[in-house]
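Each chain is listed here by its residues.
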Amino acid sequence: MVAVAERSKHAGGTDGPEAVKERLEAFGAEVLAEATNRPVQQANGGLYLRGLLEEGGRKSLEPMVARLGGEADYESLQNFLAVSPWDPAAVLRATAERVTPEIEVEAWVLDDTGFPKDGKRSPGVKRQYSGTLGKIGNCQVGVSVHAVGAKGTAPLGWALYLPEEWCSDADRRRAAKIPDDVAFKTKPELGVELIERAAGWSVPKAPVLGDCAYGENTDLRRRLDGAGSEYVLSISAQVAVFAPEANFEVPERKGKTGRPPSRPEPDRKPESIGKLIERIGEAGAQTVAFRDGPDSEPVTSRFVFVRVRASHEWQKRPSPPPEEWLIAEWPEGAEAPTDYWLSNLPADTEPKRLARLARMRWKIELDYRQLKGELGLDHYEGRSYLGWHHHTALVTAAHGFLTLERLHPKARRPA
């Protein structure tokens, strides 16, 4: 616990390693309580958390056990991580409900990240694009959702993406201990399920942010909206929408026989958002401060805000598509907008809030950096599907503990 104690010291605290260790033990017992029901599980969970937080470059099981000395048994910890049937979602929930009230949550960010891997036996591994690598490489991909706030971040859920060839290969599934009820799901499907699960917890709700891979998925937007979740999601300039001036009306019956029309139809065709914003022009842009920069100086950019209706499969709807915000960032001096977003926030939402949420997604990179760089999120070397989810849940708990230590380095943390 020396590393954590040093952090507390630099943050203005005075506690030594023993005091930090006691707080970690109490925190670990709290977040593991619902997930585990045997003393050996509680003990191994606490040891694993300590191992993640101890100084040391590699946070895989063998070097962690070596650093923990005689307190940890490798076989017991290996069984706890890869085989023992405790619920990682319960750890995630307990951690989130403990940490999110402290960080002034402003948004939930949906994203995915790569876990570079050698070989072919780790669940979900294949040659696929990884943002971590910046190219196609041999890796796993994990989908995650994170609460981000003014005072920190908190992961809310993890799901391992399983490519279709993995889901259809019985031998590989069996070797990786993939449960029979786990079927192929796209990354947006996995992401929206994580959001729906976390929405049932006692955590602050906030608009969901995501890149184009999620924002351009119509089913994801529809499910979020149907569940009452707000969103500000990135889209590309090629996405088609109905312009603000489009009117939907039920057409008159053309003949004297047959059922009269009942579905409203638009009086014009949809157009790409790139063409729409080009038609509006720079005159429609306004300068908005979207965050505080160094020395609390406001950071500004120019944005266009316009109410539109998404056009995807509008013919299948019994009523016109709902109005949404189209947000386009058009920086001063740029020939065209650089980014676009769709949002279902209310029509009276202030431009400053829309711009702030649109430009907040970058905070997820800070989360991944700490989770991987300090806590070994991508260091799991096992070949167990359950073990991957156990590891990510425990890394999340360690991350939560560090967040609370940073926010409350001296005083006893609120219960």
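Structure's up top.
A few points about the environment of Gly142
Okay, step 1: With respect to the helices and strands, the residue Gly142 is situated in strand β3 (residues 135-149).
Okay, step 2: For the pair formed by Gly142 and Phe401, sequence separation is 259 residues and the distance between their alpha carbons is 22 Å.
Okay, step 3: Those residues in contact with Gly142, other than ones at most four positions away along the chain, are Asp111, Asp112, Thr113, Phe115, Ala159 and Trp388.

What to know about the packing of aromatic side chains
Okay, step 1: Throughout the structure, instances matching the rule amount to 10 aromatic pairs.
Okay, step 2: Where Phe80 meets Trp86, the ring centres are 4.9 Å apart and the plane angle is 15°; that geometry is what we call stacked. With respect to burial, Phe80 and Trp86 carry one shared label: buried.
Okay, step 3: Judged by centre distance (6.2 Å) and plane angle (65°), the rings of Tyr161 and Phe184 are edge-to-face. Placement of Tyr161 in the loop between β4 (152-160) and α7 (164-167) and of Phe184 in the loop between α8 (170-175) and α9 (187-198) is noted, with a sequence separation of 23 residues between them.
Okay, step 4: Take Tyr161: its relative accessible area is 14%, and that puts it in the buried class.
Okay, step 5: Here the aromatic residues Phe242, Phe248 and Trp314 are joined through ring pairs into a cluster of three or more.
Okay, step 6: Residue placement shows Arg172 over the ring face of Trp166; its charged tip is 4.0 Å from the ring centre.
Okay, step 7: The ring of Phe115 has Lys372 lying over it, and the distance from NZ or CZ to the ring centre is 5.4 Å.

Digging into the packing of helix α5 (residues 74-82) against helix α15 (residues 385-407)
Okay, step 1: For the pair α5 and α15, interaxial distance at closest approach is 7 Å and the crossing angle is 100°. As judged from the angle between their axes, α5 and α15 are roughly perpendicular. Residues Phe80, Leu81 and Ala82 of α5 lie in contact with α15, whose contacting residues are Leu386, Gly387, His390, His391 and Leu394.
Okay, step 2: Considering only residue class, the contact of α5 with α15 consists of 5 nonpolar, 3 polar and no charged.

Focus: the layout of surface pockets
Okay, step 1: Estimated volume of the largest pocket: approximately 550 Å³.
Okay, step 2: Taken together, 24 residues form the lining of the largest pocket, with Trp158, Ala159, Val182, Tyr385 and His389 sitting closest to its centre.
Okay, step 3: Of the residues assigned to the lining of the largest pocket, the class counts are 16 nonpolar, 2 polar and 6 charged.

Examining helix α4 (residues 61-68)
Okay, step 1: Burial in α4 covers these residues: Leu61, Met64, Val65 and Leu68. Looking down the long axis of α4, one finds its buried residues gathered within 100° of arc, a one-sided arrangement. In this structure, α4 carries Glu62 and Ala66 as exposed residues pointing more than 90 degrees from its buried face.
Okay, step 2: As for α4, its buried residues are in contact with α3 (39-53) and α5.

About the cut-offs
- Residues numbered from 1 in each chain as written.
- Predicted model: local features only at pLDDT ≥ 70, side-chain atom pairs only at ≥ 80, totals over all residues.
- Heavy atoms only, no water.
- Helix = DSSP H or I, 4+ residues; strand = E, 2+ residues; numbered from the N terminus.
- Contact = heavy atoms within 4.5 Å.
- Phe/Tyr/Trp six-rings, centres within 6.5 Å; stacked < 30°, edge-to-face > 60°.
- Buried < 20%, exposed > 50% of the residue type's maximum accessible area, 1.4 Å probe, protein only.
- Lys NZ or Arg CZ within 6 Å of the ring centre and 35° of its normal.
- Axes fitted to C-alpha atoms, helices over the stretch in contact; angles between N-to-C directions.
- Parallel < 35°, antiparallel > 145°, perpendicular 65-115°, else oblique.
- Nonpolar A, V, L, I, M, F, W, Y, C, P; charged D, E, K, R; others polar.
- 1 Å grid on protein atoms, 1.4 Å probe; cavity = no way out; pocket = protein on both sides within 12 Å on 5 of 7 lines; lining within 4 Å.
- Points joined across faces, edges and corners; volume = space filled by probe spheres on them.
- Arc of directions from axis to C-beta.

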